[in-house]
Amino acid sequence: MIHYHVSFDNPLTFYLHIQMTFEVPTGTEAPVELQLPAWRPGRYELQNFAQKLQHVVVEDAASGEPVAARKITKDRWQLSGAAGRTVRVRYNFYAHQMDAGGSWLDETQLYLNPVQAFMYIEGREQETSQLLLELPLDWQIACGLPQRGPNLLEARSFDHLADSPLIASPTLQYRNYEVNGLPFYIWIQGECPVDWARLVQDFRAFSEEQLKLFGSFPAQDYHFLNQILPYKHYHGVEHLNSTVIVLGPAELLMTEGLYKELLGVSCHELFHAWNIKSIRPAEMQPYDYARENYFRTCFIAEGITTYYGEYLLARSGVRTAEQYFAELNTVLRKHYDDYGRYHLSVADASMDLWLDGYKPGVPDRKVSVYHKGALVALLLDLTLRQLSGHQRSLDDVMRRLWENFGKTGVGYTEEDYTQIVQEVAGRDMHAYFDKFIYGTAPLEEPLNRVLGFVGCRLRMDENASVSEGVYGFRTVVKNERTEVTDILPDAPAALALTVDDEVVAVNGRRVDMNLQVLLSDGADHHEVTVFRQNRLLTVALAADPAHRFWQKITVEKLPSATAEQQASFQQWLGQAF
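Rules used throughout
- Residues numbered from 1 in each chain as written.
- Predicted model: local features only at pLDDT ≥ 70, side-chain atom pairs only at ≥ 80, totals over all residues.
- Heavy atoms only, no water.
- Axes fitted to C-alpha atoms, helices over the stretch in contact; angles between N-to-C directions.
- Helix = DSSP H or I, 4+ residues; strand = E, 2+ residues; numbered from the N terminus.
- Parallel < 35°, antiparallel > 145°, perpendicular 65-115°, else oblique.
- Left-handed = near helix turned anticlockwise from the far one by under 90°.
- Contact = heavy atoms within 4.5 Å.
- Salt bridge = Lys/Arg side-chain N within 4 Å of Asp/Glu carboxyl O.
- Buried < 20%, exposed > 50% of the residue type's maximum accessible area, 1.4 Å probe, protein only.

A. Here's a closer look at the packing of helix H9 (residues 394-406) against helix H10 (residues 414-425). In contact at an axis separation of 9 Å, H9 and H10 are set at 135° when each is read in the N-to-C sense. By the angle between their axes, H9 is oblique relative to H10. Seen along the crossing, H9 lies across H10 with a hand that is right-handed. Touching Leu394, Asp396, Val397, Arg400, Leu401, Asn404 and Phe405 of H9 are Asp416, Tyr417, Ile420, Val421, Glu423 and Val424, all from H10.

Structure (structure tokens):
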């Protein structure tokens, strides 16, 4: 067994003291190699957690004598002469990252994501381990790991340990509920108003809907670990039988704006307990924590989950159809805001998460696996329902994935997913994959067509902003400076402006928080004066009467939906039209 010990002296420094103790069998000839993870599941980019380590010491646990250790990569250590000894590795870990994938220490709590802080022994990842936390007497622990004694947690493998975040604090609040005999825990750390009755009722409703969809659950319990902060924040990360959700500001938790975010991210992360934590791509069976784990199916892992995260809230009755459409319209806006949808497929974007998927990147280069992934999931779900008269849907695809791959622990491939979709559809679906998964075909027409099956449509409205709708550029005001931030490549602005231009005048009139007013004079051309690289220039903008830009695309119910369409809507969303 491998033993980990966590303590701290002065929480104001944010430094945790980490110890790892293990025996090296007598006769071991090969050097022992220790690896600190370079990334965490749920965030598909290298994060180089070794940046957070200070003063690594390797010693004989019995004598305190040094054990020869040599750093061979940025986050890997090689030990020699350790055979027959009990080795202790100790170091300080800087816990000063408050987000859903981070770790945090202060005088009020310890929040730890073990994947950031703990090394593993190469070749011994499947060994049982124990984690002992040295905590003040009145602190409580929230964690998905089983507890074997006071402040003593046990993990069946390094994967289990790495994927089990914890919060320890004297002020933790919680409630629990059951669905089909399975216990669910809602933990809250932070000073915030909580309507527990409403919270438990809503969480139970979407949990029941998810269990009904899949039929069984991957774990024996589940923990929602919520960090509710005094400032604005939004982040969630999935784990084996838990999730960490970080939201703020705390005083607004039960208001509509923030409460809908709590519901949406919680439903999303619970769906991940099946989709990605259990139903995993073959490339991630098992995880390799030392390097990129490339896979092309993040449109399944994240895109389908993004679709279901909001959709199931409506289907379970937690949210109204109008509230669901508001969230769906946000996804549509984000997808259509970026011309990257013309240049990169959602399958290739899955690979590019490891490149720059979480950063804005260069203009119009990439598409979001979350937003386009959700829209192609909606397209597929409604297509399957239309083909079968609601006898089959994306639910059937997910159940097949759960039965064939989630329950068995066998990773699925792109070909496995394609085959299941075609079997559920009962027809050739290669056109769907070629156009919308591996290609960049527009989604407007096919989405509008399948939405019509459930009595809805895509509505397109002109952008009321002249700079955006007529000329195709966006600005932001920074320190009273109006700066160009985005330009569509086929818009009139692309012939005259460039990103980072400071707009100072329109037709000789000074721009001072009034750009839209100056452009809204009814003219179809304007003289715009800008500072570009500290040079003053005047350029001409001329409207193209045949084209408008950044239109607003939304989903709405058909005003004259037939009785058949209304019945179809109810079968899809579980609510009356």
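Okay, back to it.
B. Spatial organisation of the pattern of salt bridges. One pass over the full model with this rule turns up 40 salt bridges. As a salt-bridge pair, Arg198 and Asp202 come within 3.9 Å of each other at their nearest N and O atoms. Taken together, the positions of Arg198 and Asp202, both in helix H3 (residues 196-214) and four residues apart, correspond to about one turn of that helix. Judged by its relative accessible area of 32%, Arg198 is partly exposed.

C. Main features of unusual backbone geometry. Omega for the bond connecting Gly248 with Pro249 falls within 30 degrees of zero, at 5°, which places this linkage in the cis form. Examined against the element boundaries, Pro249 turns out to sit in the loop between strand S20 (242-248) and helix H4 (256-272). Cis peptide bonds are those with omega within 30 degrees of zero, and the linkage from Gln285 to Pro286 qualifies with 0°. The residue Pro286 is located in the loop between H4 and helix H5 (298-315) in this model. Phi is positive for Met513, which is not a glycine, with a value near 65°. The residue Met513 is located in the loop between strand S25 (509-510) and helix H14 (515-519) in this model.

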